[in-house]
Each structure stands twice: as structure tokens, then as C-alpha cells.
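Spelled out, the chains give:
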Amino acid sequence: MKGDACIKHVRKMNTFVKYISLDSYPIYLLHESKFKTVRIMCFFRRKLDEKATLAALLPRVLMRGTNQLTRKAYIEQALENNYGSRLKATTRKIGEEHIIEFSLNMPCRKYLTNPNNDVYSEGINILKQILIQPFTRDGVFDKAYVEQEKAVLSREIRSVYNNKREWALKRCIEISCEGEPFEISALGNIEQLEKIDNKQLYNFYQYLLQESYFSIYIIGNIEKEEIIPQLHKICFKRKYHPNTFNNNAFRKRYNTKEVIEYDDIKQGKLFVCLRCNIEGFVNSLSSFLVYSSILGSGSTSKLFNVLRKKYSLAYHVATYADEHKRIILIEAGIDPSNYSKTVMLIKEAMNSMKNGNITEGELRVSVVKLINSLRYAQDFGLGSVYFHLGQVLLDIELSLAQFIERLCQVSIADIAEMAQNISLDTIYFLSPKEGYSGSSH
Amino acid sequence: MGLVIECSSEFNYNAQLANGLKIIIHKQTGYQKKHAIFATRYGSIDNDFIDFNHTRQRLPSGIAHFLEHNILANPNRDAYSEFSALGVALKAYTSHYMTSYHISGTRNFDKAVNKLLDIVQYSCFDNECINKQQRIIEQELHMCEDSAEWVLEKNILSNLYHSHPIKNGIGGTVKSVQKISIDMLYLCYQTFYQPSNMILYLIGDIDVNQFLDLIVGNQAKKDLAYTPKITRYFPTEPLEIVESKKISEMPVVLPLYSLGIKCKPLEVDGDKLLKHEILTNVINYLIFGKSSELFNELYENGLILDDFGMGYFCNFNYGYSLIKGSTVNPNELHQRVVVGLDKVKRKGFTDTDLTRVKRMTEGWLITCYDNFYKIAEKVVSYYMKGMYFENYSEIVKNITLSDINKRLYEYLIFDRIAISTINS
């Protein structure tokens, strides 16, 4: 496997350097001279649980105002004046962790025409206010802001239904992972949301500052002297926490769940959830990723070849591997009249992988695709950060070079063995209603 | 094959070949990925034109998109597999005014660029492939029809435009696609896929001399000569809109609202058109952006969410703004928007607004180079519309308050506003 040149190249790349803040949280800094954006990303990590809705609501309320910039309009104006800096807050789930992320992007100060600009200190000043000096009334969050953001979040939760593809994906996960934390949406749910008030949210905020695992990542053409001292402003007198490692309980389903639901759509959305049940998953991580790539990633994959090229059943077909939850999702947009044939072809493709019917060519192309996507990710600040964070969440510490080396070592026998440990958990199909098929002319 | 270098700096190379092919290379050191776009000025609006045989053609909609599919899946070769084997990703897009083929990869990029030029320039078609692609495109069209956002935009464009082909869906319709014949494909291919009508753009840690030699060598082997500018016809489009309101029903949880503003086309391209576009974008941003009074009023009153956004789309012979977002009450939202627009038009903008926008743009013009895909898209799209992205910074620096307020006055004509909503 000709990964050597690639590995040598990647070894020369910079890696994150870890510092510890005065407040005992880790700060990871990656100096990258090629970037023109400096990114500062703050992560609050906690388990995905019944407080998910509070965690989803909180960052939105924090972004509504600070004690100095009391309205969203003033925050946005301050960012615009700071050379178009951008501050974004999101909640996402990675495996069964719920992550609140605040991301501040600023132009690298070396490129600005005014050499005396103070873009970093002004940016961190805004970030600090958002994180630890929120706008409050009578010692808690402003009631109107909380109610407005509840309404916005409520609509966002409900409007997932507008995007039929997202809706079908959500339903597949809910059915497949019923009873597991993973079934909880990163946005929380409506029933819990309605019960939240401003006092409860403020208490959760205090709790989050103390009890979650917190870290900051910085990436850009920036020296530690320019930034680390500034970050000491972000201090909330925390206790130090060890890494929260999630040990996913896995389950094997002996009879595949098959669910068909109907909606007013023209094209059916098929999602199939595969589960990996292998001892010592982390050691087989590479095989897992390569399996998914061979099965359904891109135009040379088994599923693309059979569902699109050979039988023209689908325009869009793909697999997505989630190594933190240890599932693979297969997605295809098909006519309902082709449902049975599509499912049969998917099962056939999976069986052929169990039998090791994989050519060296297929293996090589899939590994190269994975390696390329890892290398591309390093061209983006976000990519490097998420790669590092993803490793931390798996409680492993492989450098990019080591990770790529492991991918290059995967053999056809490894894939066939992995295939034995992958079961078809759930088939979910969101179908057009009868008589509403897209195949009419 | 002659090559004329029009501009050469540490990081920006502009050149043109004797056969008319435009080449732009942005050298960015330290990146692993390289990205290239090979694009032709041929999109869904180009249905009426003089072909390479000097005959006028009026053809069904959707051919540019159909051709894109067939070029990559033609009988002689399987483009996706060939690029995959090199470890390079291939994507293709058709828009209103161009078709673009994108490749990105970290290795074998020289081979990939050669291959891209060959695949696009040595295409042939057969009926079996055409039938297959017809079925795939049908699925793609149905996928679009299920998207509320797609339907929303289509409705706005048919509200704004009487006959300009901008109002047609990019892929055409199932019926129009069925009318496309192999002869039409060849006709459009031979007319529009000429180097004089095309651009090759590269960005990344690229050895400029190596790639210029490669491109020159590749083109020298082909019998492609310089061709004159293609004559395209567009129907006369009145300034008035078709109808001011359209409501569709789809299974959505939250209604979707959009507002379109039809603009008088400038009828020129180049820096004048670029300045016009920049001014309109600045105005939209100051009226509807997250720091604006109107956005915040609507948000604080629960009428819009974070997905509320806007854009201005223009070419030399059309221009429209599209503002859209989810809302609980499209009627109330619209009433407040109209009041807000009226207020802005009467007050105008201030120096503080302009300074803030200039600082913001300065930062944006620095950070946008970190996203190759975005910058490649921008440079090529502007070029295809007769504009140069490298002039953006200078134009912004020289904008005056009077420029913005004058454009505001011409732009916000209430008779040229239409809305479209999607209700459950």
C-alpha cells in the first residue's frame, strides 16, 4: 500500500500543543501559517441525557445579550466592526456526548491594513462576555429572551419535518436506537422545552460552567504569546475534570426492524441502519471506516454501482459511518416501486462483503478516498480541530500520520471479518402516499 | 499553442490561450488540496441562440443540465471511476448561467487536470446512455420538488418574471427533458463547449509553470480554434412583475416566506456591474442582516428565526433579490417588512453603517481565501458573468455614502416586489 509518501508528508505537519489555563482547562493551539482566519473554539461537553433540551437552549440565550452588549444587534455590530469577526454557537452530538460549541473566527491581524489593529483582544472580549457575562435581570436570564429563544428552538425542532431527508434520518435513528441516549436529538424535545423557565435555565448554566468538561482550541497563523494570555480572561473558577469517556453499550438485533411511513412527498427516502458489534472496537476502527467506504462512499462504491449505475434506481446513494456510535447509515432516494429490489440489492452487497468479494482495486480506491478526506480536513481549521476532538472522545491519541498508517494496513480479510460483525439493524422507508408516486408522467 | 499572460503576481496568474481558453491560477502555498474548475458559459437560461452552424435554435429547457450528466456518463468512459482511481473527487453543477466541473485532490493533480480537459472536450453520446440519464434526472427532479426551499424559489421567480428563462427550473421539467434528443445534445455541446466560451481555474500549492505547460500541451493536441462570442437571445422582459403573491401548500411544519425584488437590469458587465452588485448586497445586508434594526425587531417579535437570509443575483440582463426564512405568520411578517423597507428608504444609511460594512468586508476578503471551494466558485461565477473578483476590494474601498443612498432609492420600488409562501 503506497501510503509512505503521504505519511512522511503528514508527519511534517504541525500538531496541537496543549497548554493548561489558569482555570485548569486545556487549551490546544495549532500554529498554521497558511490560514488567514484565526479560529477560537470553545467546547462544553457532557453526556446526552434528559437535560439535553436545556443544553440546546442555553447557547442561544447566551448569544442574545451580554451585560455590555445588551441586544443581539449590538453583539452583531461589534463583531462587524471587529473586521467581520463571526461568532457562532451550536449544539451537536458526537456519539452519546452532547457538545455545546462556541466558535469565534477572526481575520489574521497580519493581513489587515491598519497595523495597530486589536482584532484579537476585541474578539476575545466579546467571546468572554458571551460565555461568562450574560445579560441578566434580577440575577437570572431575562425572561423575554428565554421565551423568545424557546419559541425559536421549538420551531427549529419542528421544522426538521420540512426537510424530508432530515426527517427520515431522524426517524430511522429514533426507531433503531430506541431506549439509548443516541435517540435524543441534539436539539432536545418540545415537551421538555415547554417546561423550561429562565430561573431553571440559569441554574443549568451555573451547573454547566462547573460540571461539564471544557476545552478551547485555537488554530491559525498566531503565536501563543498573542493569544494564550488573553484567554486567561475566560475564567470561571472550575474544578478540573478527567476526560469523560463514553462506553457505548451496543446491542445486536436478531430480527431486523422494518418500518415504512407515508408522507406527501414525490420521492421515497430510504435509510438503513447497520450496527457494528465487535470486541475492542477502537482497534478495528480502521476496518470499520474502510468497510463503510467500500460499501457506499462515492461513485466507485458497491451501492453506487448497483443502485445507480447498473439499475438506475437512485440518483443519490451513500453511506455515513459514525465511529462514535458504531453505526453505519445507508441512504438512497428511490421510487417506492423499487423498494423491495433496493433492499434486496443492499443485502446482497453486504453479503458479498461478508464473503470477501472485494477486489484490491476497490480496497485501494476506498482507502485513498478516506486518506484524501483526512488530508483535506487539515486544509480547514475546523477539520484539524474535529479530528483531534474526535480522537479525544474515543479516548485515543493517534496523530494523523498514525491514523493514516493504520488505514493503509487494512486488508480484504480484515474487511470480511468486520463484515461478519456488522448487522442490519433497521430499515426505514419514508414513502410517498399511494397514488402520489413520482413516477407519473 | 500561443499563451498570453495577462497578469502575473506572487499568487495570481491570468492567461489566455490562442484557442480562447481563459486560465486563472491562484497559488496558495502550504495546502495539501488542489482544486480546479473547468466551466463553460452555458446554463439553463441559454435556450435561444445562434449555433456553430450560424442557425438560430430555440430548444426545450434543461439541456445544459442534461448535457452535464451525459458528458460524465458517456459510453466511452466512466468519469467518476477514472477520477476515483487517481484519488481525485469529481463534482459537476449546472446553474442558470454556467456549467462547471470541479475536481479536488491532494495527489495526481496534473493527471487529473489533463483528464478533466479530455473528458469534457472529447465527449460523445448515445441513446442508451441518454435514456438511462433521463431516468436518473427524473429522480433528481422529484427530489427537488420535495424540497420546500426549491419550490419557494421557483415560485418567486415565476412571480417576478414574465418570460425571461431565469424563471425556469435549472433541470427543466420531466416533460421538457423527455423532448431532448441526441441531436440537440450535440448541437449544444459543439456550440457552447468551445475553449473561447470556457475557463479553467486552479487553486492550491501549484507549480504554475508545470501546469501552464501541461494545459498548453493538452490544448495543442486538439483541433479547437478560437470562436467568436456566441449570440444569445432573451425575450424582452418588462420591468413590471407578474403577480405580487403566490401561496403553495406542502407538508411543512412552519410556513416559509420569501420576498423577491425585481431590479432593472444594468445591460453592461465588468466593473460597473460588479459595483452595482456590491452596492445591492451592502443594502440588503444593512436592511436585513443580523445587525440591522429590521432583523432584530422581527426576531424579537418571534416572526423570524436564524434561518432568515438574503441574496442578490444578477447578470447583465436580470437582477433580483431573494429574502427568505421560516415564520409563524407570513402575513404579519410581510406587513412589518414593508413598513421596515419604507422606513429605510426614507431614512437612508449613515456613515457609521458604511464604515462598519467596509471593515467587515475587509475582513471577509481576507478570510474567504481559506475556503478553496468558495473562492473558486466566486472567481469563476463572476468571470462567467463578465466581472473580475480581484477588483472587489478596490471597488468597496471607494464606495461613498451617496453611492449607497442613490442605489437604495432606485432599488426599493414597491411595485417590483413579490412574495411567495409555503403553507402547510
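Note that the structure is predicted; figures quoted are calculated from it, not measured.

Parameters at a glance
Residues numbered from 1 in each chain as written. Chains lettered and ligands numbered in written order. Predicted model: local features only at pLDDT ≥ 70, side-chain atom pairs only at ≥ 80, totals over all residues. Heavy atoms only, no water. Helix = DSSP H or I, 4+ residues; strand = E, 2+ residues; numbered from the N terminus. Expected span 1.5 Å × (residues − 1). Buried < 20%, exposed > 50% of the residue type's maximum accessible area, 1.4 Å probe, protein only. Contact = heavy atoms within 4.5 Å. Buried area = accessible area lost by both parts, 1.4 Å probe. Salt bridge = Lys/Arg side-chain N within 4 Å of Asp/Glu carboxyl O. Polar contact = N/O pair within 3.5 Å; in protein donor to acceptor, adjacent residues only side chain to side chain. Pairing = 2+ DSSP bridges. Axes fitted to C-alpha atoms, helices over the stretch in contact; angles between N-to-C directions. Parallel < 35°, antiparallel > 145°, perpendicular 65-115°, else oblique. Left-handed = near helix turned anticlockwise from the far one by under 90°. Nonpolar A, V, L, I, M, F, W, Y, C, P; charged D, E, K, R; others polar.

Caption draft 1: Seen up close, helix H10 (residues 285-296) of chain A. Residue and element names in this part refer to chain A. Taking 1.5 Å as the rise per residue, H10 with twelve residues should run 16 Å; its terminal C-alpha atoms sit 17 Å apart, in good agreement. Burial analysis of H10 places twelve of its twelve residues in the buried class, which makes it a mostly covered element. Buried residues of H10: Leu285, Ser286, Ser287, Phe288, Leu289, Val290, Tyr291, Ser292, Ser293, Ile294, Leu295 and Gly296, and no others. Residue Gly298 follows H10 closely and has a positive phi angle near 85°.

Caption draft 2: A look at the interface of chain B and chain A. In this complex, chain B contributes 60 residues to the contact, which on the side of chain A involves 62 residues. The junction of chain B with chain A conceals about 5800 Å² of combined surface from both sides, 51% of it contributed by carbon and sulfur atoms. Here chain B and chain A share seven salt bridges between them. For Arg356(B), the salt bridge is made with Glu80(A), and the minimal N-O distance between the two is 2.7 Å. There are 29 residue pairs in polar contact (both at pLDDT 80 or more) connecting chain B and chain A. Among the elements that line the side of chain B that touches chain A, the one with the most residues is helix H4 (residues 127-145) of chain B, at nine residues.

Caption draft 3: The arrangement of the sheet that holds strand S11 (residues 256-262) of chain B in detail. Residue and element names in this part refer to chain B. Taken together, five strands build an open sheet; the order of strands is S10-S14-S11-S13-S12 and the sheet is mixed. Pairing within the sheet leaves two strands with one partner each, and these edge strands are strand S10 (245-249) and strand S12 (309-315). Strand after strand, the sheet turns through a mean of 15° between neighbouring axes, direction not considered. Both S12 and strand S13 (residues 318-326) contribute to a ladder of seven bridges, which runs antiparallel. Across the sheet, residue Met310 finds its bridge partner in S13, namely Ile323. Here helix H11 (residues 330-347) sits on the sheet and contacts S10, S11 and strand S14 (417-423); the angle it forms with S11, its principal contact strand, is near 35°.

Caption draft 4: Local environment of the packing of helix H11 (residues 302-310) of chain A against helix H12 (residues 339-354) of chain A. Residue and element names in this part refer to chain A. Between H11 and H12, the shortest axis-to-axis distance is 10 Å and the interhelical angle comes to 150°. Comparing the axis directions of H11 and H12 gives the class roughly antiparallel. With respect to the hand of their crossing, H11 and H12 are arranged in right-handed fashion. Every residue of H12 that contacts H11 at Lys302, Leu303, Val306 and Leu307 is listed here: Thr342, Leu345, Ile346, Ala349, Ser352 and Met353. Its residues assigned to classes, the contact of H11 with H12 shows seven nonpolar, two polar and one charged.

Caption draft 5: Just the environment of Pro330(B), in detail. Residue and element names in this part refer to chain B. Summarising the element assignment, Pro330 is placed in helix H11. In sequence terms Pro330 and Ile419 are 89 residues apart; their C-alpha atoms lie 9.6 Å from each other. Beyond its immediate chain neighbours, meaning those up to four positions away, Pro330 contacts Pro255, Tyr257, Thr421 and Asn423.

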